[in-house]
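These are the residues of each chain, in order.
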Amino acid sequence: MAAGVFKSFMRDFFAGSQSRRPKALRPTKPLPFLQVKYDEKLNDPQSERLDGNGRHYPNCSSDVWLRSCEREIVDPIEGHHSGHIPRWISGSLLRNGPGSWKVGDMTFGHLFDCSALLHRFAIKNGRVTYQNRFVDTETLRKNRSAQRIVVTEFGTAAVPDPCHSIFDRFAAIFRPDSGTDNSMISIYPFGDQYYTFTETPFMHRINPCTLATEARICTTDFVGVVNHTSHPHIMPSGTVYNLGTTMTRSGPAYTILCFPHGQQMFEDAHVVATLPCRWKLHPGYMHTFGLTDHYFVIVEQPLSVSLPEYIKAQLNGQNLSACLKWFEDRPTLFHLIDRVSGKLVQTYESEAFFYLHIINCFEQDGHVVVDICSYRNPEMINCMYLEAISNMQTNPNYATLFRGRPLRFVLPLGTIPQSQGSSGKRRLVKSFSLAGLSSPPVNRTMKHSVSQYADITYMPTNGKQDNAGEESPRRDAKRGRYDEENLINLVTLEGSQAEAFQATGVIRLRPEMLCDWGCETPRIYYERYMGKKYRYFYAISSDVDAENPGTLIKVDVWNKTCLTWCEENVYPSEPIFVPSPDPQSEDDGVILASMVVGGGLNDRYVGLIVLCAKTMTELGRCDFHTNGPVPKCLHGWFAPNAI
């Protein structure tokens, strides 16, 4: 989540506005939004510092997210091996994530603001080495030089420069280098090179063997976008697709970017599809997208980047979390775009939900299936503020605010029947509440807000279709659930419990739950099953109140069953599937995951766990004792033969 997104947005927004009427910038009435910003008094009414007593989540050590790397490990170190690490595994597990909360005497306010730190586990002949290194970003250099936070991040405002007037701050909107380039989210390959990503247009090329930062790329220079997601898709051919946002004469639009495989992937990059954002002043927040054999899948949630609020934050020297707005009574939209023509094929809607990660998408028997790690609302972002993490043990609502479940949405393709009478109709429903995020409708008109703690299993259904041409969302005059009878379920996919129903001018979706675990950072056998019908995904648990919050999960989406691995006080990161040399099945391979241990006395430990992907049992591990604290990481990539 990054400040540069908003800066770039406004730079291009104002540059493009010279050719259109200034209507979009006229003052508007206050909007019915929820600000995605942590408020200690509202979110944590029992806020206190940890004192070791009265812990609400005694099995969860939040300190694994609060560590800061004090000294890089530039040269690889040896560890202690146990068990058996298959000798056919050859390559480097590269990891990216928050590396340090500190700059001088200052501290970042949100997990997404921390300086990016790379980790490398080099595996060869059954042996493993470890090293880590900060991404050498412009933001890191500026902060270190000043010994204070001088670049505004998502949850942290920069120290004001007394030499800069309000006019200087306004002018900074138009400077592409005035925002953060802290690429601390993920790592993806472009050809034989590896790049770190965030949600600004900046990415950094790194050496997969030394972790040295070799170059900085700004995608704006090649395709004109103001931001892109942290999770591009790598095709078997080596071509890369990503979802970005650009400014057009008619307002912000989502664009599918293509980086053709070759020697000049960035120079040859081009836009293959464009879709207008539903709100001109509030483009949606995008972290991932999906694709299938024939479609790009854009899931437009009602969490938006508010351009007017960005101007206010920029001029007032505030952090940028206030620019994210959650429109709780507007639906989430599913857009299918033809991969050949780049044209919109169909838009579907469900009630509002928040997500970061799409697990996978695929086509089957006249349907598009979209699996998503879903949340009732974006409160989980609030849970990652420094104060929220520090005080989680005294907050009885923390686990509820972080509650999510993996859901499957099934989008029927082809002609939509208009009549209600049909001999082929399946079972009827009376409620469109999201499966797995729903409980019995005790209060159908309850209002969700930052300060209310209704269980995440209840989500309201939005009662009105959006007007794609409006500049800002309008609150529905009457909210409630879709209580309709005699509806025909358009989903005919065998074995599916998901539903879709025809309404006036729209198809409404109701998902099914894939498992009763909170799942995050999901991974599949990506090289073979991305965009294809698949059976298994792997994830870490996001349930902080689970018996063991550090659980790794294997989900069988066919049978809706799970296998798990866990160990007391051990916290693995995103599980990466690596196939065996000649895989005979989808789960024929191993799971690689970095891991840390909870508790302040164990902060100088990091390890690599290797599991059998079929059984989720341990094959081997390597333990490292380091010269300083090692933080938990977010996303990564296995780089074969990078030894």
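Above this text is the structure in question.
This one's a predicted model, so the numbers in the text were calculated from it and none came from an experiment.

Reading the values: the criteria
- Per chain, the residues get numbers from 1 upward, laid out in the order the sequence is written.
- Given that the model is predicted, a residue must reach a pLDDT of at least 70 before its local features are reported, and side-chain atom pairs must reach 80 or more before they are shown or counted; all residues, however, enter totals for whole chains, interfaces and linings.
- Side-chain numbers come from the whole structure's heavy atoms, not from hydrogens or water.
- Salt bridges are counted wherever a side-chain nitrogen of Lys or Arg sits within 4 Å of a carboxyl oxygen of Asp or Glu.
- Runs of E in the DSSP output that reach at least two residues are strands. Runs of H or I that reach at least four are helices, and both are numbered from the N terminus.
- A 1.4 Å probe rolled over the protein chains alone gives each residue an accessible area, and that area as a share of the maximum for its type sets the label: buried under 20%, exposed over 50%, partly exposed in between.
- Only when DSSP finds a minimum of two bridges between them are two strands counted as paired.
- Fitting a line to C-alpha atoms yields each axis, with helices limited to the stretch in contact; the angle taken between N-to-C directions then spans 0 to 180 degrees.
- Aromatic pairing here means that ring centres of Phe, Tyr or Trp (its six-membered ring) are within 6.5 Å. Orientation follows from the plane angle: under 30 degrees is stacked, over 60 is edge-to-face, and everything else is tilted.
- Each C-beta atom gives one direction from the helix axis, and the arc is the one those directions make.
- For this analysis, residues touch if any pair of their heavy atoms sits within 4.5 Å.

Things to note about the pattern of salt bridges
In step 1: Inspection of the entire model under this criterion finds 21 salt bridges.
In step 2: With a shortest N-O distance of 3.2 Å, K614 and D587 are connected by a salt bridge. Separated by 27 residues along the polypeptide, K614 in the loop between β37 (605-612) and β38 (618-625) and D587 in the loop between β35 (576-579) and β36 (589-597) bring together distant segments of the chain.
In step 3: Since its relative accessible area comes to 6%, D587 is described here as buried.
In step 4: For the salt bridge of R621 with E618, the shortest nitrogen-to-oxygen distance reads 2.8 Å.
In step 5: Connected through shared salt-bridge partners, R403, R405, D516, D543 and D545 make up one network.

Describing the pairing of strand β32 (residues 552-556)
In step 1: Counting buried residues along β32, 5 of its 5 residues qualify, which places the element largely inside the surrounding structure.
In step 2: By the bridge criterion, 5 bridges tie strand β31 (residues 536-541) to β32 in an arrangement that is antiparallel. For I540, the partnering residue across the bridge sits in β32 and is L552.
In step 3: Sheet topology places β32 next to strand β33 (residues 561-565); 5 bridges connect them, and they run antiparallel. Across the sheet, residue K554 finds its bridge partner in β33, namely L563.
In step 4: What sits between the antiparallel neighbours β32 and β33 is a turn of 4 residues, in which K560 has the positive phi angle 60°.

Re the sheet that holds strand β30 (residues 519-523)
In step 1: Pairing in this open sheet of 4 strands is antiparallel, and the strands run β30-β31-β32-β33 from one edge to the other. Because the sheet does not close on itself, it has two edges, and the strands there are β30 and β33. Strand-to-strand twist in this sheet, taken as the mean axis angle between neighbours without regard to direction, amounts to 30°.

Some words on the packing of aromatic side chains
In step 1: According to the stated counting rule, one finds 28 aromatic pairs in the structure shown.
In step 2: Their ring planes at 85° and their centres at 5.9 Å tell us that Y188 and F197 sit as a pair that is edge-to-face. Across the pair, F197 and Y188 agree in class, each one buried.
In step 3: Ring centres of F334 and F353 lie 6.2 Å apart, and the angle between their planes is 40°; on these two criteria the pair is classed as tilted. A residue pair is termed long-range when its members are at least 10 positions apart, and F334 in strand β22 (residues 332-338) and F353 in the loop between β23 (344-350) and β24 (354-364) qualify at 19 residues. Comparing F334 with F353 shows no difference in burial state: the two are buried.
In step 4: By way of ring pairs, the aromatic residues Y188, F190, Y195, F197, F222, F259, F266, Y526 and W637 are connected into one cluster.

What about helix α3 (residues 138-146)?
In step 1: Taken residue by residue, α3 has T139, L140 and N143 as its buried positions. For α3, the angular spread of the buried residues around the axis is 95°, confining them to a single face.
In step 2: At its buried positions, α3 is contacted by β5 (102-103), β7 (115-124) and β8 (127-134).
In step 3: At the C-terminal side of α3, Q147 shows a positive phi close to 55°.

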